[in-house]
Amino acid sequence: MEEERGAAVAAAAAEEIRWLPAEVNWEMLDKSRFFVLGAGLFSGVAATLYPAVVVKTHLQVVPPLQAAAATVRAILCRDGVRDFYRGFGASLASMVPARALYMAALEATKSSVGSAAVRLGVSEPAASAVASAATGVSAAVAAQVVWTPVDVVSQRLMV
């Protein structure tokens, strides 16, 4: 009985996989879900790593060179755990628009550059390489338009 159920589940999974597209492109995405989930997950990761960024920033700008553990103790003694998130509000406010710009530029460039390269007679592997390079550059530049000014403000608030 258990073997039959396992075989049925495996058959259903194989059938579902057979109907999935080989490649997901920009037109196929539910953009509202894509941007909201992406921004939420990215913000969660940033919130987890932010205390380490605060410690790193303190180590870079505080004149007497000290160990990271001493820096953590000094931050905790000065203002408590809350001090590990100084400037996070500014950083968080920029994450959603910057991430949206990043993902939009990434997907838009990927679809247009890849197909344009193929139309120009470039081989499929070369077109894929060109599209990947162009998407990375365009997405990074688009996001940095928002991230860089806010990052400067955020770092000033950290120390």
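In this report, the structure presented in the accompanying data block is examined.

The rules behind the values
Residues numbered from 1 in each chain as written. Predicted model: local features only at pLDDT ≥ 70, side-chain atom pairs only at ≥ 80, totals over all residues. Heavy atoms only, no water. Helix = DSSP H or I, 4+ residues; strand = E, 2+ residues; numbered from the N terminus. Buried < 20%, exposed > 50% of the residue type's maximum accessible area, 1.4 Å probe, protein only. Contact = heavy atoms within 4.5 Å. Areas by Shrake-Rupley, 256 points an atom, 1.4 Å probe, with all protein chains shown as cover. Core = buried A, V, L, I, M, F, W, Y, C linked by side-chain atoms within 4.5 Å. Phe/Tyr/Trp six-rings, centres within 6.5 Å; stacked < 30°, edge-to-face > 60°. Lys NZ or Arg CZ within 6 Å of the ring centre and 35° of its normal. Bend = angle between axes of the 7 residues up to and from the residue. Salt bridge = Lys/Arg side-chain N within 4 Å of Asp/Glu carboxyl O. Patch = residues over 30% accessible without salt bridge, like charges linked within 9 Å, V, L, I, M, F, W, Y side chains within 5 Å.

## Some points on the overall build of the protein chain
So, point 1. Looking only at helices and strands, the protein chain features 5 helices and 0 strands.
So, point 2. Along the protein chain, helices (α) and strands (β) appear in the sequence α-α-α-α-α when read from the amino end.
So, point 3. By the burial criterion, 24% of the 159 residues in the protein chain qualify as buried.
So, point 4. Taking the intrachain contacts of the protein chain between residues at least 6 apart in sequence as the baseline, contacts between residues at least 24 apart amount to 71%.
So, point 5. Of the roughly 10,400 Å² of accessible surface on the protein chain, 68% is carried by carbon and sulfur atoms.

## Some thoughts on the nonpolar core
So, point 1. Counting residues in each nonpolar core, the largest one holds 13 residues, and the members touching the most others are Tyr50, Val54, Ile75, Phe88, Met95 and Trp147.
So, point 2. Each residue touching Phe88, except ones within four places of it in the same chain, is listed here: Ser43, Ala46, Ala47, Tyr50 and Met95.
So, point 3. Met103, Leu106, Ala139 and Ala142 belong to the second largest nonpolar core, which has 5 residues in total.

## Remarks on the packing of aromatic side chains
So, point 1. All chains considered together, the criterion is met by 4 aromatic pairs.
So, point 2. Relative to Phe88, the ring of Tyr85 lies with its centre 5.7 Å away and its plane at 80°, an arrangement referred to as edge-to-face.
So, point 3. Among the residues examined, Tyr85 registers a relative accessible area of 34% and is labelled partly exposed.
So, point 4. Taking relative accessible area as the criterion, Phe88 reaches 12% and is therefore assigned buried.
So, point 5. What links up through ring pairs into an aromatic cluster is the set Tyr50, Tyr85 and Phe88.
So, point 6. It is Arg99 that lies over the ring of Phe42; its NZ or CZ is 4.4 Å from the centre.

## Regarding the environment of Leu157
So, point 1. Here Leu157 shows up in helix H5 (residues 124-158).
So, point 2. With a relative accessible area of 38%, Leu157 lands in the partly exposed category.
So, point 3. Counting along the chain gives 70 residues from Leu157 to Gly87, while the straight-line C-alpha distance between them is 4.9 Å.
So, point 4. In this structure, Leu157 is in contact with Arg86, Gly87 and Ala90, ignoring residues within four places of it in sequence.

## Brief notes about helix H2 (residues 31-61)
So, point 1. Roughly 45° is the biggest bend found in H2, and it falls at Leu49, with proline Pro51 one to four residues downstream.
So, point 2. Listing the buried residues of H2 in full gives Ala39, Ser43, Ala46, Tyr50, Pro51, Val54, Val55, Thr57 and His58.
So, point 3. In this fold, the buried residues of H2 make contact with helix H3 (68-79), helix H4 (88-119) and H5.

## Here we look at the pattern of salt bridges
So, point 1. Within this structure, the stated rule accounts for 3 salt bridges.
So, point 2. Salt-bridge contacts for Asp83 lead to Arg78; the nearest nitrogen and oxygen are separated by 2.5 Å.
So, point 3. For Arg86, the salt bridge is made with Asp83, and the minimal N-O distance between the two is 3.5 Å.
So, point 4. We classify Asp83 as buried; its relative accessible area is 1%.
So, point 5. Within this structure, Arg78, Asp83 and Arg86 form a network of salt bridges that share partners.

## Brief notes about a nonpolar patch on the surface
So, point 1. Together, Leu76, Val81 and Tyr85 make up an exposed nonpolar region whose accessible area comes to about 270 Å².
So, point 2. Structurally, Leu76 is set in helix H3.

## Quick notes on the environment of Ala140
So, point 1. With respect to the element layout, Ala140 can be found in helix H5.
So, point 2. By relative accessible area, which is 33% here, Ala140 ends up partly exposed.
So, point 3. Taking the C-alpha atoms as reference points, Ala140 and Ala105, separated by 35 residues in sequence, lie 8.6 Å from one another.

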